[in-house]
Amino acid sequence: MSRVVVTGRVPDAAIEKLRVEHEVDAWQGPESISRDELLRRVAGADAILTLLTERVDGELLDTAGPQLKVVANVAVGYDNIDVAACRERGVVATNTPGVLTEATADIAFALILMATRRLGEGERIIRDRQPWKWGMFFLLGTGLQGKTLGIVGMGGIGQATARRAKAFGMDVVYQSRSEIDPDVAAELGARRVALDELLAVSDVVSLHCPYGPATHHLIGAEQLSAMKSSAYLVNTARGPIVDEAALATALRDGTIAGAGLDVFEREPEVHPELLELGNVALVPHLGSATIETRTAMATLAADNALAVLRGELPPTPIG
Ligand code: GLV
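Residues numbered from 1 in each chain as written. Predicted model: local features only at pLDDT ≥ 70, side-chain atom pairs only at ≥ 80, totals over all residues. Heavy atoms only, no water.

Moving on: the side chain of arginine 41. The residue arginine 41 is located in helix H2 (residues 35–42) in this model. Residues within four places of arginine 41 in sequence aside, it is in contact with Arg3, Val5, Asp25, Ala26, Trp27 and Ile33. (Helix = DSSP H or I, 4+ residues; strand = E, 2+ residues; numbered from the N terminus. Contact = heavy atoms within 4.5 Å.)

Okay, here's the thing in structure tokens:
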């Protein structure tokens, strides 16, 4: 029996799976675990299930000890994990791709609709008890049909967002490190372009690339200026892909028309200027937040940990 540490609350199904074979120490606090408590608990662990709020670095891995075999992130993004440090110590790192694809694409599309149809503004008017009545020109938004969606990062979530865009009558262009399956590209009618062209032609730009040194502030003042002044930016990937201060300025000055954000540069902080602007829809990192998806993510992370502890290949290793 091995010792498995779970660094935050996860659906019971995953804990039950782990408990069949191992001793499980799961953090139950309502708040994220503190760094000190985390380091105290991981000491002697054979496996750690981590949430994206926990940083997994050399210090944590060394504190855990040489018996540590696997770090199973309960997230598809793994910018919280120093993968090289894991590799150096022979620790397998895993993530949860696939199971959150549809939920995250749903939130991307929800933000596209919130931003283009001004739903947040409308709700605030009602909740603030401001006077309103139906009017020909009241809160007019922008239609999506016949418009172009530019997808930055055409992995599973980008493709699922493109599929939704197609159902809404949009054209799709995408920028991606690699060519996607030609059958999928044909089904979506999606054309691969360079980022410059994507920014210039898109009516909505939606970000779906991983975060890392190569994508830090990928969208800054220069890229925002390259977008149409009528265009919208949506980010459901990771906050620091966008220079938030530059985005606030672009939204305030009318460089672009609006934005929808599920992720922020310094979560849970939001740039104070964004909070003052009506033309940005803000939601608190809800991409994968459905009961079904979170259960599937935690269960997949448990399966990854269990496989490594049994000496088998995990279903979804990183890299
Ligand atoms: C959520 O942000 C994830 O990466 O799973």
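Text resumes after the structure shown.
So, about empty space enclosed by the protein. This model, assessed by the stated rule, comprises one cavity of 30 Å³ or more. Empty space within the largest cavity amounts to approximately 40 Å³. Lining of the largest cavity is provided by Asn235, Gly239, Val242, Glu244, Leu247, Leu261, Val263 and Phe264. In the lining of the largest cavity, the residues fall into five nonpolar, two polar and one charged. (1 Å grid on protein atoms, 1.4 Å probe; cavity = no way out; pocket = protein on both sides within 12 Å on 5 of 7 lines; lining within 4 Å. Points joined across faces, edges and corners; volume = space filled by probe spheres on them. Nonpolar A, V, L, I, M, F, W, Y, C, P; charged D, E, K, R; others polar.)

Attention now moves to the UniProt feature "domain: D-isomer specific 2-hydroxyacid dehydrogenase catalytic" (unreviewed entry) in the chain. Under the UniProt annotation, "domain: D-isomer specific 2-hydroxyacid dehydrogenase catalytic" (unreviewed entry) lies at residues 4–317. Secondary structure across residues 4–317 divides into 39% helix and 15% strand, with the first and last C-alpha atoms of the span separated by 18 Å. (UniProt positions renumbered as here; feature names shortened; annotations may be inferred.)

This paragraph deals with the nonpolar core. Leu224, Leu233 and Leu247 are the most contacted members of the largest nonpolar core, which totals 30 residues. The set of elements that each furnish at least two residues to this core consists of helix H9 (195–201), strand E9 (204–207), helix H11 (244–253) and strand E11 (258–261). The element contributing the most residues to this core is H11, with five residues. Beyond its immediate stretch of four places on either side in the chain, leucine 224 contacts Ile219, Leu233, Ala246, Leu247, Ala250, Thr255 and Ile256. The next biggest cluster of nonpolar side chains, apart from the first, holds 24 residues, and it includes Leu149, Ala165, Val204 and Tyr232. (Core = buried A, V, L, I, M, F, W, Y, C linked by side-chain atoms within 4.5 Å. Buried < 20%, exposed > 50% of the residue type's maximum accessible area, 1.4 Å probe, protein only.)

Turning next to the domain arrangement of the chain. Domain boundaries in the chain define domain 1 (3–98 + 291–309) and domain 2 (101–282). A straight line from the C-alpha centre of domain 1 to that of domain 2 covers 31 Å. Listed as interface residues are six residues of domain 1 and, on the opposing side, five residues of domain 2. Of the roughly 450 Å² buried at the junction of domain 1 and domain 2 (both faces included), carbon and sulfur atoms supply 47%. Arginine 238 is the salt-bridge partner of aspartate 79, the closest N and O atoms lying 2.9 Å from each other. (Domains from an automatic or database assignment. Buried area = accessible area lost by both parts, 1.4 Å probe. Salt bridge = Lys/Arg side-chain N within 4 Å of Asp/Glu carboxyl O.)

A few words on the sheet that holds strand E1 (residues 3–6). Here five strands make up an open sheet; going across it, the order is E2-E1-E3-E4-E5 and the pairing parallel. Looking along the sheet, the strands with just one partner apiece sit at the ends: strand E2 (23–26) and strand E5 (92–94). Going from strand to strand, the sheet's axes swing by 15° on average, the running direction of each strand aside. (Pairing = 2+ DSSP bridges. Axes fitted to C-alpha atoms, helices over the stretch in contact; angles between N-to-C directions.)

Looking now at the UniProt feature "domain: D-isomer specific 2-hydroxyacid dehydrogenase NAD-binding" (unreviewed entry) in the chain. According to UniProt, the positions carrying the feature "domain: D-isomer specific 2-hydroxyacid dehydrogenase NAD-binding" (unreviewed entry) are residues 109–287. Helix and strand shares over residues 109–287 are 35% and 16% respectively, and the end C-alpha atoms of the span are 11 Å apart.

Further remarks concern the pattern of salt bridges. For the coordinates displayed, the defined rule picks out 26 salt bridges. Put simply, glutamate 23 and arginine 3 hold a salt bridge, and the shortest N to O gap is 3.8 Å. Within this pair, whereas glutamate 23 is found in strand E2, its partner arginine 3 is found in strand E1, the two being separated by 20 residues in sequence. We classify glutamate 23 as partly exposed; its relative accessible area is 42%. When salt bridges that share partners are traced, they join Arg3, Glu23, Asp25, Glu37, Arg40 and Arg41 into one network.

In this section: the packing of aromatic side chains. For the coordinates displayed, the defined rule picks out two aromatic pairs. Considering the side-chain rings of tryptophan 132 and phenylalanine 138, the 6.4 Å spacing of their centres and the 10° angle between planes classify their relative orientation as stacked. (Phe/Tyr/Trp six-rings, centres within 6.5 Å; stacked < 30°, edge-to-face > 60°.)

Cis rather than trans, the peptide bond between glutamate 267 and proline 268 has omega equal to 5°. You can see proline 268 is positioned in the loop between E11 and helix H12 (272–275). Residue histidine 217 is not a glycine yet carries a positive backbone phi of 50°. With respect to the secondary-structure elements, histidine 217 resides in the loop between E9 and helix H10 (221–226). Residue classification places histidine 217 among the partly exposed positions, given a relative accessible area of 28%. For histidine 285, which is not glycine, the phi torsion reads 45° and is therefore positive. Mapped onto the elements, histidine 285 comes out in the loop between strand E12 (280–282) and helix H13 (291–309). With relative accessibility at 21%, the residue histidine 285 sits in the partly exposed group.

Turning our attention to the sheet that holds E11. Pairing is parallel in the open sheet, where seven strands are placed in the order E8-E7-E6-E9-E10-E11-E12. Strands at the two margins of the open sheet, each flanked by one partner only, are strand E8 (190–192) and E12. Strand-to-strand twist across the sheet, computed as the mean angle between neighbouring axes with direction ignored, equals 15°. Docked against the sheet, helix H7 (residues 156–167) engages strand E6 (148–152), strand E7 (171–175) and E9, running at close to 175° with respect to E6.

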